[in-house]
Amino acid sequence: MQQNEMKLEFDSRSCNESFARVAVAAFLTQLNPTLEEVSDVKTAVSEAVTNAIIHGYEGKIKKIVIECEIRGRVLTVTVRDFGKGIADIKKAMEPLYTTKAECDRAGMGFAFMEAFMDTLEVTSSLGQGTCVKMSKSITREPNKYERQ
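Our subject in this report is the structure included herewith. The structure displayed is predicted, hence computed values, not measured ones.

With that settled, consider the nonpolar core. Looking at soluble globular proteins, one finds that nonpolar side chains tend to be buried together. Val24, Val49, Ile66, Leu75, Val77, Phe110 and Met134 are the most contacted members of the largest nonpolar core, which has 37 residues in total. Listing elements by their share of this core, those giving two or more residues are β1 (3-11), α1 (16-28), α2 (35-56), β2 (63-71), β3 (74-81), α4 (109-116), β4 (119-125) and β5 (129-137). Here this core takes 8 residues from α2, the largest share from any one element. Once residues lying within four places of it in the same chain are set aside, the contact partners of Phe110 are Asn51, Ile86, Ala92, Met93, Leu120, Val122 and Val132.

One can describe the packing of α1 onto α2 by two numbers: an axis separation of 9 Å at closest approach and a directional angle of 145°. Crossing of α1 against α2: the hand is right-handed. Each of Glu17, Ala20, Arg21, Val24, Ala25 and Leu28 in α1 lies in contact with α2, whose residues at this interface are Glu37, Val38, Val41, Lys42, Val45, Ser46, Val49 and Thr50. A breakdown of the residues in the contact of α1 with α2 according to their chemical character gives 8 nonpolar, 2 polar and 4 charged.

So, on to the packing of α2 against α4. Where α2 contacts α4, the two axes come as close as 9 Å, and the packing angle between them is 155°. By the angle between their axes, α2 is roughly antiparallel relative to α4. Considering only the axes of α2 and α4, their crossing is left-handed. Contacts from Asp40, Thr43, Ala44, Glu47, Ala48 and Asn51 in α2 reach Gly109, Phe110, Phe112, Met113 and Phe116 in α4. Here the contact of α2 with α4 is composed, by residue class, of 6 nonpolar, 3 polar and 2 charged.

Cut-offs used in this document
- Residues numbered from 1 in each chain as written.
- Predicted model: local features only at pLDDT ≥ 70, side-chain atom pairs only at ≥ 80, totals over all residues.
- Heavy atoms only, no water.
- Core = buried A, V, L, I, M, F, W, Y, C linked by side-chain atoms within 4.5 Å.
- Buried < 20%, exposed > 50% of the residue type's maximum accessible area, 1.4 Å probe, protein only.
- Helix = DSSP H or I, 4+ residues; strand = E, 2+ residues; numbered from the N terminus.
- Contact = heavy atoms within 4.5 Å.
- Axes fitted to C-alpha atoms, helices over the stretch in contact; angles between N-to-C directions.
- Left-handed = near helix turned anticlockwise from the far one by under 90°.
- Nonpolar A, V, L, I, M, F, W, Y, C, P; charged D, E, K, R; others polar.
- Parallel < 35°, antiparallel > 145°, perpendicular 65-115°, else oblique.

Note that all results are geometric; they support no functional claim without further evidence.
Structure representation (structure tokens):
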């Protein structure tokens, strides 16, 4: 069974959202995913990082940590912030619910993560931050020249 892990830590700047998305996608390529699978993972990572920047830190520059793990054909991505936390996770996960109505696309982050990944777990503590853990099975098997 294939196993691999990686960990990133970066500033909660909006310009780093694309960095996080591409770094996770690059890590995922070892499983020879389809373009659709890569796109799904990139979208989910973008949403989780954007939530940390906008909601967790409210624009303050602090750290976001992403951990990725591959076990067999399953990618697990954990995005963690150490910001204000979520008071009501169930409510926050409702489509179109937002505490930032002035933001474009507000209220769809968790819905997109759920739609594009196989599993989604959110834990949070007020004043201590939020952890978003998502996984996706990669269905396309590598050909004989791609196996390691």
